[in-house]
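Read off the chains here:
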Amino acid sequence: MSQSPEDHAASQAEPTRASRDFARTQRRRERVPTAPVSRADVAGAAFLFGTGPGRGLIAREWPHMALPMVLGVLGLALANFSIRPIIAPLLALLASALLFVARFTSTYEESRDHSTAVRMALMGASIGIPLFIYGYAIGIWASSGVVPWVQALALLVTISLLATVTESGRLAGMLTAQVAMWSGVTWVSHFGAGMLSLLIGGVIAVAAYLRQREIDLKVRLAVEEGVRIQTRAEEILADYEETGQGWFWETDRRGLITYISRPVAEVLGRKVDNFIGRPFAELFNLSEKSGEGERTLAFHLSARSSFSELAVRAAVYDEERWWSVTGRPTYDAFNNFQGFRGSGTDLTEKRRSQEHASRLAHFDSLTGLSNRFQMSQTLEKILTAPNEQNRACAVFLLDLDRFKQVNDTLGHPAGDALLKQVAQRLERVIGTVGRVGRLGGDEFQVILAGKIAREQLAHLAERIIEQISQAYSIDGSRVMIGGSVGIALAPDDGVTSEALIRNADLALYAAKDGGRGRFHFYAADLHSDAEERRQLEEDLRDAITQGDLELYYQPVVQTATERITGFEALLRWNHPQHGFISPAKFVPIAEDAGLIVSIGEWALRTACQDLAKWPSDVRVAVNVSPLQFANPALPSMVTSALASAGVEPDRLELEITESVFLGDDTGTEAMFRSLKGIGVRLALDDFGTGYSSLGYLKRAPFDKIKIDQSFVRGATQAGSRNGAIIASIVSLAEALGMETTAEGVETLDELDLVRMLGCSHVQGYIYERPLSAPATLTRLATGLMAIARGPRSARAARQAMLRRVVLDHAGHRYNGTVRNMSLTGALIEGLWNVPAGTIFRIQLSDGHIVTATCRWASDDRMGVEFSQPLRLDEDGRIAAVAIKSTLAPLPDPLANQRKVG
């Protein structure tokens, strides 16, 4: 039966784990000393083998018994001046000589682990036989009458006591010696009595053995229980040490290590033996003074006081490792200090977790910058400094422009990568001058301590915007964003963190309203602007709910036939109090408030409903925001709107801006395929004003390119390159099989130019202003032919004023008043019925005289044309009438605050 890969892996893993556990257990057992198991460990061993050294039946000192036995024989012989009968002393001396054999039997017994029978035989030969013969010999000697029984018994008692002493701790040997010797004495008087004494001695020996065996069993059980308890404690201690959860240590009175757990020694890269006898302080890195724990530890060791959970750094130099150490002094029975004993645990992971938690609490996890809490603490610390002079600072609030489009088109991972790069650029720009933080999303904050001139802050803000606006590379895609900066100063713009942040936020909104990619200093009038913006947002929500938004439609005319081929749907809001509000004002509010998606869906459905009432050969174009385009539900939304209105898909044209091409995203191509699968037309809106490459035109299935009105404006002026740009766009579109629409055509000259350059369609005031839905129906009822109506050329921008001038004609001087003026002419009051073609010399200001020709006159007004166009100064005003003074202008305290970068 074959094994699956998973079973095979499990079978391989189990032996590995088992081997690991076995190795750990084996190491633990090696550390726990155990006595060898032998026959001497059975119950009754104390009776058989004794409790003395060598644990043998025959004591090593037994051969020494020969000397007192010989001396006893000589003593009896000298005391009685007789050795008769000669057999008695000879037998006694023979018995003494036999004791010398015990030297060899004792050695032989200890040489190996013999059976009990062999050992008993050796004991009988070494102890029993010699003492039996000796007792028998002394008994014969006393029975002969030569030696008194009193002397014989004294000698036998003496030898008996010496035998007991020599075999002390060996009950079997002692009984054998006593029974054998006294049985020999009894044997002399009566054979039966001798046998009886041997029997009684044997019974006593058996009884003693059984009693001793019972005692040994109890002692054995008690010892085994104690060993089990000790072994269990040692194994638990060893397991605890092996798992790394903790370790133990002990020192002597001099502070030298007497015990240390093996895992700790391994962590320090040495063996346990290398630490024994070394100072306890060598376990720690005391040189760096990395914490208060080291100093406290040294204090406790010197003061011999207990300590608990002191954090110390281990003496490991290739990594940072921390231990928690606990210890107490130990004393002997006489209250003498013996040293310290304690334990320790590893604090490394706990400290890392604490540091990580602390970092999460104070730093942004994505960018590594300070988070909102840390920035708030930094600002609060500056604003509450003891010295009032140290409370000055500047706060920059930075918001990324078009960042949401990156998230919507490339995805949130790409947005996160972009935020990291932005954070790195901000840190490079700010350096050590201030602190950079991320407040959340795409909002950043910079705090600059100290009083800094506004000019320097403005320069720094420009550098920040410049750096952020450089191209980014995200997953192989080129991404462009921008940034807006709001600046507030303390104490000028607030003395509390709440006020300062609020005012910097107002300045940020002002920068974004000014066109984004700018910086703005806080000014007092921004509060009213913020309130107006908030009120507009509330009113916009009400307008969406109550249906107060409208769609106006501007005709799109084919240049070749001057027939209306479609309309572009334009969003309008007629406010109850403020009248019509420009989309440029309320659309950004809708985007910031998250209302643009719902407004876009409403516009799509409303445009399709209005389209159903128009002629079948007329289309409608609806703008699609990047947020809508990134919504996977857009195709189903378009299908639903078309089906609900009952119109053909090719009559709907979706206008898409270049911002959807922030990255080469497969989702973008999938969305194009889905929309083209429905059958709708696609138009590229505001072409040339975005920041993407032309590569997307190869893949995106556009039907039309709309030329932005910024290229049409001024295209007819001499020296303008706009015409060449328009021609290039038209050629590109024709090569790709696309139509072109020129937006914002307002004069006949512009219409002639775009028609000559080959634009297929025109849209602008030259044909029609945007019409309401009812007005559009009325206009379509008159037919599809369009007639161009408007000025031949664009009039130069005029500057309204009320300025007195002097006019000179043929030596006659006249006083007049200039009502408005452009670079090429002016409207003048004060002279009646001036003939057209009259030439005047007009003194506009001191030292500035121009020649002008009257082109028309009505009552006391006339329009004049300058012979030479005037010029603008660096502030964008007409230089000839700019107010000049010989005195330097007084500085405006709000001038820098109102500057927009």
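Everything here concerns the structure above.
Now for a description of the structure that goes with this document.

Parameters and conventions
- Counting starts from 1 at the beginning of each chain's written sequence and moves along it residue by residue.
- In view of the model being predicted, local features appear only for residues whose pLDDT reaches at least 70, and side-chain atom pairs are presented and counted only at 80 or more, with totals across whole chains, interfaces and linings using the full set of residues.
- Only hydrogens and water are set aside when side-chain values are computed; all heavy atoms of the structure are taken into account.
- Note on ring pairs: Phe, Tyr and Trp rings are taken, using the six-membered ring of Trp, and paired if centres are within 6.5 Å. Classes follow the plane angle, with under 30 degrees stacked, over 60 edge-to-face and the rest tilted.
- A run of DSSP states H or I qualifies as a helix once it reaches four residues; a run of E qualifies as a strand once it reaches two. Both are numbered from the N-terminal end.
- Residue exposure (1.4 Å probe, protein chains only): buried if accessible area is under 20% of the type maximum, exposed if over 50%, otherwise partly exposed.
- Sitting over a ring, as applied to charges here, requires NZ of Lys or CZ of Arg to be within 6 Å of the ring centre and within 35 degrees of the ring normal.
- We treat two strands as partners when DSSP finds at least two bridges between them.
- Lines fitted to C-alpha atoms define the axes, with helix axes restricted to the stretch in contact, and inter-axis angles between N-to-C directions lie between 0 and 180 degrees.
- Contact between two residues is taken to exist if any of their heavy atoms lie within 4.5 Å; hydrogens are not considered.
- Each residue after the first adds 1.5 Å to the expected span of a helix.

## Some remarks on the packing of aromatic side chains
Each aromatic ring pair is characterised by the separation of its centres together with the angle its planes make.
In step 1: Summed over all chains, the structure comprises 14 aromatic pairs.
In step 2: Each ring, one from Tyr-553 and one from Trp-614, has its centre 4.9 Å from the other, and the planes form 85°; the classification is edge-to-face. Note that Tyr-553 is positioned in strand 13 (residues 549-558) and Trp-614 in the loop between helix 21 (596-611) and strand 16 (619-624), a separation of 61 residues in sequence. When sorted by exposure, Tyr-553 lands in the same class as Trp-614, which is buried.
In step 3: Seen from their ring centres, Trp-573 and Phe-586 are 5.6 Å apart, and the 85° between their planes marks the pair as edge-to-face. Taken together, the residues Trp-573 in strand 14 (residues 563-575) and Phe-586 in helix 20 (residues 583-592) connect sequence positions 13 residues apart.
In step 4: The exposure class of Trp-573 is buried, given its relative accessible area of 1%.
In step 5: Of the residues examined, Phe-586 reaches a relative accessible area of 1% and is grouped as buried.
In step 6: Members of the aromatic cluster, connected to one another through ring pairs, are Trp-249, Phe-280, Phe-284, Phe-307, Tyr-331, Phe-337 and Phe-340.
In step 7: Above the plane of the ring of Tyr-472 lies Arg-425, whose end atom (NZ or CZ) is 3.6 Å from the centre.
In step 8: Directly above the ring of Tyr-765 sits Arg-769, whose terminal nitrogen or CZ lies 4.0 Å from the centroid.

## A few points about the sheet that holds strand 6 (residues 393-401)
In step 1: Reading across from one edge, 7-8-6-11-12 is the order of the 5 strands in this open sheet, with mixed pairing throughout. Here the strands that pair on one side only, and so sit at the sheet edges, are strand 7 (435-440) and strand 12 (519-521). Here the strands of the sheet are splayed against their neighbours by 20° on average, with no regard to which way each runs.
In step 2: With 3 bridges joining them, strand 11 (residues 482-490) and strand 12 adopt parallel strand pairing. When the sheet's bridge partners are listed, Val-485 is paired in strand 12 with Phe-519.
In step 3: Here helix 18 (residues 497-513) sits on the sheet and contacts strand 6, strand 8 (443-449), strand 11 and strand 12; the angle it forms with strand 11, its principal contact strand, is near 145°.

## Some thoughts on helix 16 (residues 412-430)
In step 1: Taking 1.5 Å as the rise per residue, helix 16 with 19 residues should run 27 Å; its terminal C-alpha atoms sit 27 Å apart, in good agreement.
In step 2: Of the residues flanking the end of helix 16, it is Gly-431, one or two places downstream, whose phi is positive at about 60°.

## A short note on the environment of Tyr-259
In step 1: Secondary-structure assignment places Tyr-259 in strand 2 (residues 257-260).
In step 2: A relative accessible area of 33% means that Tyr-259 is categorised as partly exposed.
In step 3: Linking Tyr-259 and Val-272, residues 13 residues apart in sequence, is a C-alpha distance of 8.2 Å.

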